[in-house]
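Structural characterization, general
Now for the letters of each chain:
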Protein chains: 2
Amino acid sequence: VLPLTITPIGHVVGSPENELGTPQPQVIEVRAGHEEALLGIERCEELLVLFWMHRLQAQDRACKRVHPRADRSNPLTGVFATRSQMRPNPIGVTRVRLVERDGLRLTVEGLDAFDGSPVIDIKSG
Amino acid sequence: VLPLTITPIGHVVGSPENELGTPQPQVIEVRAGHEEALLGIERCEELLVLFWMHRLQAQDRACKRVHPRADRSNPLTGVFATRSQMRPNPIGVTRVRLVERDGLRLTVEGLDAFDGSPVIDIKSG
């Protein structure tokens, strides 16, 4: 099977939590050249965001089983039966609320991605 | 920005519709080597499936705006504000019902992917 290649369409700016550990909005900075692909997006209240969990290492991608929610009292479960970040292709899928659009910058709530994560796709939620 | 690479974890077998155009279950054939990653998946009623829309051509990936639902009376809208298949990284995200598991074969309802589509990820739904 050939590998498939993805070119990021943007990246995440900002931390998912402030210094107190409280969730805070994050910005998706869409790459120049995709202006037209955002036409009318401000009318979407919710978006589905696909992003690359870029901090995962090779051994995380090789992990097959986890204790769900990192609780060892949960029985070992295959990663495909969980929402664990450990998975062969580290793509996160999150439904977010669109708070504001300013040109190529989308401010969203609920993304929970690390600062700098490549964004792969945005769909209406 | 470097391209990111994905290795499919399986592929879709069967057509989304029968000869009468009625939706029918499809099979996800998971690749050998991922047995452990399926541990306990039969307990999931719903799964989120990420697949590669392999029939899209380069010009489909370059498309920035569409008439939603292919209805020309809908105003042109950026692809990131739609669920159109036209998008730079042609990844479909669909919630399916798991009907049966037989080893590496998962029979699912509601996938609506072309026969042969590479499957990228499976998550609990």
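Turning our attention to the pattern of salt bridges. What the rule picks out here adds up to 14 salt bridges over all chains. With a shortest N-O distance of 3.0 Å, E36 of chain A and R65 of chain B are connected by a salt bridge. In this pair, E36 of chain A is assigned in the loop between strand 3 (26-30) and strand 4 (46-52) and R65 of chain B in strand 5 (residues 65-66), connecting two distinct chains. Ionic pairing is found between E46 of chain A and R95 of chain A, a salt bridge with its closest N-O pair at 3.9 Å. Of this pair, E46 of chain A sits in strand 4 while R95 of chain A sits in strand 7 (residues 91-102), and the two are 49 residues apart along the sequence. Given the relative accessible area of 41%, E46 of chain A is considered partly exposed. Via salt bridges that share partners, R87 of chain A together with D121 and K123 of chain B belong to a single interconnected network.

Before going further, it helps to examine the relation of the copies chain B and chain A. Rotating chain B by 180° and moving it 0.0 Å along the rotation axis overlays it on chain A with an RMSD of 0.0 Å. Between the two chains, the operation in question is that of a two-fold axis. When C-alpha positions in chain B are compared against the rotation axis, the closest is assigned to T5 of chain B, at 2.3 Å. The fraction of interface residues of chain B whose copies in chain A are also interface residues reaches 98%, indicating that both copies meet through the same surface.

With that settled, the discussion passes to the state of the cysteines. Inspection of the entire model under this criterion finds zero disulfides over all chains. Note on C63 of chain B: no disulfide assigned, nearest cysteine sulfur contributed by C44 of chain A at a separation of 16 Å. For C63 of chain B, a relative accessible area of 21% gives the class partly exposed.

Reading the values: rules and limits
- Residues numbered from 1 in each chain as written.
- Chains lettered and ligands numbered in written order.
- Predicted model: local features only at pLDDT ≥ 70, side-chain atom pairs only at ≥ 80, totals over all residues.
- Heavy atoms only, no water.
- Salt bridge = Lys/Arg side-chain N within 4 Å of Asp/Glu carboxyl O.
- Helix = DSSP H or I, 4+ residues; strand = E, 2+ residues; numbered from the N terminus.
- Buried < 20%, exposed > 50% of the residue type's maximum accessible area, 1.4 Å probe, protein only.
- Least-squares fit on C-alpha atoms with pLDDT ≥ 70 in both.
- Contact = heavy atoms within 4.5 Å.
- Disulfide = S-S within 2.5 Å.

Any functional reading would require information beyond the geometric quantities listed.
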